[in-house]
Amino acid sequence: MNEVTLLESVRQLENNQQLSIVAQKEARQTLSDDYRTKGWWIESFTEPLHERLTVKEAIKFYVKWYGSAYTVDQLIQMFYLENVQKARIKHISHDDYVLIKLCVALIQPCSGIIFHEILHNLHIETINKIRQIMPNFEEKGFQVIHLLAHIDHAMLLTDTIYQVKNDVVKKLDIETREKEETAQEMQVFNVFKLAVKSEDKTLFLNPEAIDFIEGSDGKVNIHLNNESFLADYSLTELEEKLQPYGFYRCHRSYIVNLQKVKEMITWSKNSYSIKLDSSNENFVPLSRAKLKEFQTYFNGTTVPFTEK
C-alpha cells in the first residue's frame, strides 16, 4: 500500500477512544511513525527498564517523574503486580514487564497512545488481566490505537476494529457473539495440557513446566525436570499449540519455553545457544536467522548475552 494513501485512510477513521487496526508489519510501522510525529506515546514493548530497580522502585520513579496523582500502591494493585513488587526488573517475566509498561503508559502525559502487538507471546492469565486494565485508559480520556497482526487479538481488546488488506482500510463488522466465543476459547486454552506416553501410562503435562521440545529422527521429545517424554505431535503442531503459553521456535528442531531462558551465548559468528534455567542447565541451539527476533522478547537487557 502507498504510504500516503494508508495514512489518509486512517486519518478518516472515527475518533473512538479505543480501536484496533490489523495490518502487516510494514503498514503498522508506517502508522506508528506517523503518530510519533504527532506526539503520541508509542509503546512497542521492546525498550528496557532499569534492571537494577525493583518493580516498586521503578513505578515510584515514574510516578515522581510524571507527577502522577496515583499512589505507587494503587498502581501496583491496578496492574496486578503485588506478587513481584519486591523483585528486581532483571528477574521478572516478560508478562510482568508488559504490565509495568502499561502502568507507565497510563501515567505519562500524552493524550494519544499506540500499543504495538500488546498481547503477543503472553500467557492467557496476563491477557485476561490486560482486558481488565484497558478500561482505565478510557476513564482517563486517552485515545488508544492497537496495532496488531491478528484479528482474534483485536476482538479481545476493542469493539471497533479495522483491517488493512488489499490496499484498503476496512471496518470489520464482528458480532458480539463472535467476540464472546473468542474470549471463551481463550479460557478453554487456559486449561490445555499436553498428553504424552510414559511406558503404559498417559501423562498430562502443564505447558509452563516444560523446559524445551526437541525434534530428532522423526520423533518429538518433550523435556522437563531431567526427563524426556515422547509426544504424538509434530514440532509444527506443538509450535502452534504452545505459542500462547510463551514458547518460541528458536531452531528448526527446537522449541523453547521463554520463561525458562537464563542466558544467550555466542560461540562463534554463526553459532548461538540458549542456556535454560533448569536443574541441569540445558543448552538449546538458537538459529542465526532467529537471533534478532528472539532478542525482542526480552526487553533489551533482561537476559544476558555472553561470548565464549
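Here, the structure is the one placed above.
Here the residue index of a chain counts from 1 through its sequence in written order. For this predicted model, a pLDDT threshold of at least 70 governs which residues receive local features, and a threshold of 80 or more governs which side-chain atom pairs are given and counted, while totals over whole chains, interfaces and linings are taken from all residues. Where side-chain values are given, they derive from all heavy atoms of the structure, hydrogens and water being excluded.

> Would you mind showing me how to read the sheet that holds strand E12 (residues 247-251) here?
Adjacent strands of a sheet pair through backbone hydrogen bonds, lying either parallel or antiparallel. Strands sit in the order E8-E7-E11-E10-E9-E13-E12 across an open sheet of seven strands; the sheet is antiparallel. Each edge of the open sheet carries a strand with a single partner, namely strand E8 (201-205) and E12. For this sheet, the mean angle separating the axes of adjacent strands, direction not counted, is 35°. For two strands to be treated as a pair, DSSP must find no fewer than two bridges joining them. Secondary structure is summarised from DSSP: a helix means a run of H or I of at least four residues, a strand means a run of E of at least two, and numbering begins at the N terminus for each. Bridging between strand E9 (residues 212-216) and strand E13 (residues 254-257) involves three bridges; their strand directions are antiparallel. Bridging across to E13, isoleucine 213 finds its partner in isoleucine 255. For helices, the fitted line uses only the C-alpha atoms of the stretch in contact; every axis is such a line through C-alpha atoms, and the angle between N-to-C directions lies from 0 to 180 degrees.

> For this particular structure, what's the right way to read the sheet that holds strand E2 (residues 41-43)?
Strand order in this open sheet of six strands is E2-E3-E4-E1-E5-E6, and the pairing throughout is mixed. A single partner strand is all that each edge strand has here, and the edge strands are E2 and strand E6 (168-171). Across the sheet, the mean angle from the axis of one strand to that of its neighbour is 20°, orientation sign disregarded. The contact rule is simple, with two residues in contact once any of their heavy atoms fall within 4.5 Å. Here helix H2 (residues 25-37) sits on the sheet in contact with strand E1 (18-22), E2, strand E3 (112-116) and strand E4 (143-148), set at roughly 155° to E4.

> I tried to follow the pattern of salt bridges on my own but got confused; where do I start?
A side chain with one charge may pair with a side chain of the opposite charge, provided their charged atoms come close. In what follows, salt bridge is the name for a side-chain nitrogen of Lys or Arg lying within 4 Å of a carboxyl oxygen of Asp or Glu. This structure, assessed with the given rule, holds four salt bridges. Lysine 56 is the salt-bridge partner of aspartate 73, the closest N and O atoms lying 3.5 Å from each other. Placement of the pair is aspartate 73 in helix H4 (residues 72-78) and lysine 56 in helix H3 (residues 55-66), with a sequence separation of 17 residues.

> What am I meant to see in the nonpolar core here?
Nonpolar side chains in soluble globular proteins generally cluster together in the buried interior. Residues Phe115, Ile130 and Phe137 are the most contacted members of the largest nonpolar core, which totals 65 residues. Here the element with the most residues in this core is helix H5 (residues 94-107); it accounts for ten residues. Contact partners of phenylalanine 115, with chain neighbours within four places excluded, come to Glu43, Phe45, Leu102, Ala105, Met134, Phe137, Val144, Ile145, His146 and Leu147. If you look at the next biggest cluster of nonpolar residues, it comprises 17 residues, including Val256, Ile274, Leu286 and Tyr297. Here, the term nonpolar core denotes a set of buried Ala, Val, Leu, Ile, Met, Phe, Trp, Tyr and Cys residues that are joined through side-chain atoms within 4.5 Å. Relative accessibility under 20% of the residue-type maximum defines a buried residue, over 50% an exposed one, and the middle range a partly exposed one, all with a 1.4 Å probe and only protein chains included.

> Could you clarify how one ought to interpret the environment of asparagine 136 in this entry?
Looking at where asparagine 136 falls in the secondary structure, it is placed in helix H7 (residues 135-139). Between the C-alpha atom of asparagine 136 and that of methionine 78, which follows or precedes it by 58 residues, the distance is 9.1 Å.

> I tried to follow the packing of H5 against helix H6 (residues 124-133) on my own but got confused; where do I start?
Where H5 meets H6, the axes come as close as 11 Å, and the angle between the chain directions of the two elements is 10°. Considering their axes alone, H5 and H6 lie roughly parallel with respect to each other. Residue-level inspection shows Asp95, Val98, Leu99 and Leu102 of H5 in contact with H6, the latter providing Thr126, Lys129, Ile130 and Ile133. Taken together, the residues of the contact of H5 with H6 break down into five nonpolar, one polar and two charged. For classification purposes, angles smaller than 35 degrees are called roughly parallel, those larger than 145 roughly antiparallel, those between 65 and 115 roughly perpendicular, and all remaining angles oblique. Asp, Glu, Lys and Arg are counted as charged, while Ala, Val, Leu, Ile, Met, Phe, Trp, Tyr, Cys and Pro are counted as nonpolar; the rest, among them Gly, fall into the polar class.

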